[in-house]
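Chain by chain, the residues:
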Amino acid sequence: MIHPPEVSNLDVLSEALRRRTFAVISHPDAGKSTLTEALLLHAHAIDKAGAVHGKAGRRGTVSDWMAMEQARGISVTSAAIQFDYRDTVINLVDTPGHADFSEDTFRVLSAVDAAVMLVDASKGLEVQTMKLFDVCRQRGLPVITVINKWDRPGEDALALMDEIRARTGLIPTPLTWPVGISGDFRGVLDRRSGDYVRYTRTPGGATAAVEDRFSPADAETAEGDAWVTASEESSLLRVEGQDHDEARFLAGETTPVLFCAAVLNFGVQQLLETLVESAPPAEARADIAGRRRPVNAAFSGFVFKVQSGMNAAHRDHVAFVRVCSGVFHRGMVVTHAASGRPFATKYAQQMFGQERKTADEAWPGDVVGLINAASLRVGDSLYDQDPVEFPPMPLFAPEHFRVAHPADSSKHKQFRRGIDQLDHEGVIQVMRSELRGDQAPVLGAVGPMQFEVVEDRMTHDFGAAIRLEALPYQLARRTDRESAEILGHDRQVEVLLRSDGTLLALFSTPWRLRNTVRDHPELTLEDLATGS
Ligand code: G4P
């Protein structure tokens, strides 16, 4: 038994206060990997950018960070990158960069305290950004908006603000305003000081851009009309009440906006400053009963992501835990709330570096990876001393459905074990019905990429290759036994039991669902879109 050093309440409070834990939400190609790298560069966590710009050589599946990890030798277990900026510890939690959705992406948002919504200036708010934004809104997460690729011709800045307001309901309150239209990015007007920050690109954008500050008068001399337009637009925003207000931002009413060109490292410094100054620190989290557990209570945390086989050499099983309160010491024995059993955290690994680094200590807001954690599921709570259970992880409404069959019927044991394990890890939702039988579970996913992960894992981790048969459903609704009985007579609707005990009715089209509701208004058909 390792005895942790004494830690005072004050230590925990001050460590929690200097944490900023966030995720980037964006549509693929908006520049998330480029921005991540630019942040690391500006925080001096790396000294040169450029290794991961672009898609060349990327496998495009698992995670964009995999490519970054391969290119740089960054720890493959990273679910979060941690770096220091000024006196602040920043935890950037990875949202898997799949070309489409997976539930992972949504769950990550339960582990963060804020989100950065990254928007491509020429595309505006794209589909996946909006889906992720909806989850942020449900979770009440403060959102900072970053308009990227201002160096490329794109939309008008004011038009983008209107779009944000109309589609998210948040009032955009720009902290910086671009000088020069999209495609002619010269710098930004710092709306709080009134100064002009001029950017000068460095060769290949590999190092931090040079920033020069000018007074408004000098800015006008230097940039002429571009400056005049920027300051007029900024005044207009002020008149419209679109100045940053910290309380309204934290309350989820407004979104501070920054303009940047991640690939040139323009505007990245301002994002770091905004995270430090405005993003919330790690704060008390509500448990399942709605009681807020103070950050300086004894250690507690919850699993938001489980991964296996990330390291080919040791086929390990890592549970990523967000620390909610107290201090985590490697080696401490905590309690697994679901089973009441002790869990030894001897092998806590984490974070950022050439190799897996061992986490000796972690504080509220941090993420630790617990190795050999096969007993831990997504959503499980862990605690020391005072029991606590955090709310369960929401299960999102599946939109894609496939029947899984073992490719080799003699492998039915491996098949069953593999499907159960992937269900347990939250890789896929598993549904069954008497009609289909045990050997033909229906898999449900939020994004079709999840099926590729299942196929790959079943073959390589469980030695049970599978064949997937597509089902024509697009929508799922929660139902009950009585309604299921009636729906059972409709040959176009299928009712299945999800492994969490929820009965799901599957419909092929919204039109079919509407007709069913119209013909049978008495049926229970609840929306699953908000999770659970
Ligand atoms: P993602 O992780 O969100 O999917 O995006 P990623 O960073 O991979 O960036 C997608 C593309 O957008 C890349 O171009 C990247 O270089 C480019 N990009 C990112 N930020 C900016 C920016 O601020 N300005 C401009 N002009 N481009 C940006 P690519 O064509 O895929 O590769 P490459 O040929 O540029 O290397």
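Residues numbered from 1 in each chain as written. Predicted model: local features only at pLDDT ≥ 70, side-chain atom pairs only at ≥ 80, totals over all residues.

What counts, and what does not: UniProt positions are given in the numbering used here, feature names are shortened, and annotations may be inferred rather than shown by experiment.
The chain is annotated in an unreviewed UniProt entry as Peptide chain release factor 3 from Cryobacterium sandaracinum. Under the UniProt heading Sequence similarities (unreviewed entry), the entry covering the chain gives this text: "Belongs to the TRAFAC class translation factor GTPase superfamily. Classic translation factor GTPase family. PrfC subfamily." Looking at the chain in UniProt, the text filed under Subcellular location (unreviewed entry) is "Cytoplasm".

**What to know about the sheet that holds strand 2 (residues 80-85)**
Quick note on the threshold: For two strands to count as paired, DSSP must find a minimum of two bridges between them. A run of H or I in DSSP becomes a helix once it reaches four residues, and a run of E becomes a strand once it reaches two; helices and strands are each numbered from the N terminus. All axes here are fitted lines through C-alpha atoms, helices being fitted over the stretch that makes contact, and every angle between N-to-C directions spans 0 to 180 degrees.
The 7 strands lie next to each other as 2-3-1-4-5-11-6, forming an open sheet whose pairing is mixed. Edge positions in the sheet fall to strand 2 and strand 6 (171-174), since each has one partner strand and no second. Sheet twist, expressed as the average angle between the axes of neighbouring strands with direction ignored, equals 30°. Summarising the sheet, strand 1 (residues 19-26) and strand 3 (residues 88-93) pair through 5 bridges and their orientation is parallel. Looking at the pairing, Ala 23 lines up with Val 93 of strand 3.

**Notes on helix 1 (residues 9-17)**
What counts is decided by this rule: Each residue is classified by how many other C-beta atoms fall within 10 Å of its C-beta atom, where C-beta atoms are placed from the backbone; a count of 20 or more means buried, 12 or fewer means exposed, and values in between mean partly exposed. In this description, the arc belongs to the directions extending from the helix axis to the C-beta atoms. Residue pairs qualify as contacts under a 7 Å threshold applied to their C-beta atoms, which are placed from the backbone.
Turning to helix 1, its buried residues are Val 12, Glu 15 and Ala 16. Around the axis of helix 1, the buried residues are gathered within 100° of arc, so they sit on the same side. For helix 1, the elements touching its buried residues are strand 1.

**What about the sheet that holds strand 29 (residues 494-498)?**
Remark on secondary structure: sheet strands pair via backbone hydrogen bonds, oriented parallel or antiparallel. With antiparallel pairing, the 8 strands of this open sheet are ordered in space as 27-24-26-25-29-30-28-31. This sheet does not close on itself; its edge strands, each paired only once, are strand 27 (466-470) and strand 31 (526-527). Bridging between strand 24 (residues 400-406) and strand 27 involves 5 bridges; their strand directions are antiparallel. Of the residues in strand 27, the one forming a bridge with Pro 406 is Ile 466.

**Re unusual backbone geometry**
Positive phi values are uncommon outside glycine, yet Asp 29 reaches one of about 85°. Judged by the 15 C-beta atoms lying within 10 Å of it, Asp 29 falls in the partly exposed class. Phi at Asn 265 is positive, roughly 65°, even though this residue is not glycine. Within the secondary structure layout, Asn 265 lies in the loop between strand 11 (254-259) and helix 10 (268-278). The exposure class of Asn 265 is buried, given the 27 C-beta atoms found within 10 Å.

**A closer look at the confidence of the model for the chain**
Definition in use: Confidence of the predictor at the level of single residues is given by pLDDT, which spans 0 to 100.
Of all residues in the chain, 86% have pLDDT values of 70 or greater, and the mean over the chain is 86. Segment residues 50-77 is flagged for pLDDT under 50; beyond a separation of four residues in sequence, or across chains, it makes 47 contacts in the model. This stretch, residues 351-356, has a pLDDT under 50; its non-local contacts, to residues over four places away or in other chains, come to 20 contacts.

**Let's talk about helix 8 (residues 225-239)**
Stated precisely, the cut-off is as follows: A helix is expected to span 1.5 Å for every residue after the first.
Compared with an ideal rise of 1.5 Å per residue, which puts 15 residues at 21 Å, helix 8 spans 21 Å between its outermost C-alpha atoms and is within 8% of the ideal. Those residues of helix 8 that are buried lie in contact with strand 6, strand 7 (176-179), strand 8 (187-190), strand 9 (196-200) and helix 7 (216-223). Of the residues one or two after helix 8, Gly 241 is the one with positive phi, at around 75°.

**Considerations on the UniProt feature "binding site: GTP" (unreviewed entry) in the chain**
Taken from the UniProt record, the annotation "binding site: GTP" (unreviewed entry) applies to Asp 94, Thr 95, Pro 96, Gly 97 and His 98. Along the polypeptide, Thr 95 turns up in the loop between strand 3 and helix 4 (103-108). C-beta crowding within 10 Å serves as the criterion here: with 25 such atoms nearby, Thr 95 is assigned to the buried category.

**Digging into the nonpolar core**
Which entries qualify depends on this criterion: Joined through C-beta atoms within 7 Å, a set of buried Ala, Val, Leu, Ile, Met, Phe, Trp, Tyr and Cys residues constitutes a nonpolar core.
Ranked by internal contacts, the top residues of the largest apolar core, which has 138 residues, are Val 112, Ala 115, Val 146, Cys 260 and Val 321. Not counting residues within four places of it along the chain, the set of residues in contact with Ala 115 comprises Phe 22, Ala 23, Ile 25, Leu 109, Cys 136, Leu 141 and Val 143.

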